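Overview (structure and organization)
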Amino acid sequence: MLCALNAAGIDHAAPEMRKAAAWLTSIQNADGGWGEDGASYKLDYQGYEQALSTASQTAWALLGLMATGDIGSPAVERGIGYLQRTQGSDGFWNEERYTATGFPRVFYLRYHGYRRYFPLWALARYRNLTARNDRMVRFGM
């Protein structure tokens, strides 16, 4: 959603952008990553509950934060550090947790590509934005 708002030209200072960025920052794990698990689909859901970090979910949070213009924020730097620390020698990330929903509370999916391309996308976008000293994601990487 944040990437779409950014592409639509919504100002980074707009309340919806700042509120979303603040929420993402507030739920960042101590290891620098982000995570969610199937518990978020429980019937008595009361709001966000902390879960172990995964590379794909960390990448999604980073892409969102970068779309709000928060390129140099401590949260983005910690998230990038998490991806760099957890990248395997083969260039990819090990991700044992299920990060996609088949049918909530029935079965969950693991898309094997998620752990491969989303973290690379986030790292590439970070590299490109910082190299250009730019806060605006225009398109692509």
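Here goes a summary of the coordinates provided. Everything numeric here is computed off the predicted structure, so don't read it as measured data. (Residues numbered from 1 in each chain as written. Predicted model: local features only at pLDDT ≥ 70, side-chain atom pairs only at ≥ 80, totals over all residues. Heavy atoms only, no water.)

Another point: helix α2 (residues 15-26). The terminal C-alpha atoms of α2, which comprises 12 residues, lie 16 Å apart, in line with the 16 Å expected from a rise of 1.5 Å per residue. Those residues of α2 that are buried lie in contact with α1 (2-7) and α3 (55-67). (Helix = DSSP H or I, 4+ residues; strand = E, 2+ residues; numbered from the N terminus. Expected span 1.5 Å × (residues − 1). Contact = heavy atoms within 4.5 Å.)

Quick look at the pattern of salt bridges now. Scanning the model with the defined rule gives 1 salt bridge in all. One salt bridge in this structure joins Asp70 and Arg18, with 2.8 Å as the shortest N-O distance. Here Asp70 is found in the loop between α3 and α4 (74-86), whereas its partner Arg18 is found in helix α2, with 52 residues between them in sequence. (Salt bridge = Lys/Arg side-chain N within 4 Å of Asp/Glu carboxyl O.)

Once that is clear, we can look at the packing of aromatic side chains. Per the stated rule, a full pass over the model turns up 7 aromatic pairs. Between Trp23 and Tyr48, the ring centres sit 6.2 Å apart and the planes meet at 85 degrees, which makes this aromatic pair edge-to-face. Taken as a pair, Trp23 in helix α2 and Tyr48 in the loop between α2 and α3 lie far apart in primary sequence, 25 residues in all. Look at Trp60 and Tyr114: their rings are 5.4 Å apart centre to centre, the planes differ by 80 degrees, and that puts the pair in the edge-to-face class. Taken together, the residues span a long stretch of sequence, with Trp60 in helix α3 and Tyr114 in helix α5 (residues 114-132) at a distance of 54 residues. When its relative accessible area of 17% is taken as the criterion, Tyr114 is described as buried. Members of the aromatic cluster, connected to one another through ring pairs, are Trp60, Tyr114, Tyr117, Phe118 and Trp121. The lysine or arginine in question, Arg116, covers the ring of Phe92, its NZ or CZ lying 4.5 Å from the ring centre. (Phe/Tyr/Trp six-rings, centres within 6.5 Å; stacked < 30°, edge-to-face > 60°. Buried < 20%, exposed > 50% of the residue type's maximum accessible area, 1.4 Å probe, protein only. Lys NZ or Arg CZ within 6 Å of the ring centre and 35° of its normal.)

Here we come to the packing of α4 against α5. Closest axis-to-axis distance for the α4/α5 pair is 11 Å, and the angle between their directions is 130 degrees. Of the possible angle classes, the one that applies to α4 and α5 is oblique. Viewed along their axes, α4 and α5 form a crossing whose handedness is left-handed. Of the residues in α5, those in contact with Val76, Glu77, Ile80, Leu83 and Gln84 of α4 are Pro119, Ala122, Leu123 and Tyr126. (Axes fitted to C-alpha atoms, helices over the stretch in contact; angles between N-to-C directions. Parallel < 35°, antiparallel > 145°, perpendicular 65-115°, else oblique. Left-handed = near helix turned anticlockwise from the far one by under 90°.)

It is worth stressing that arrangement in space is one thing and function is another; only the former is reported here.
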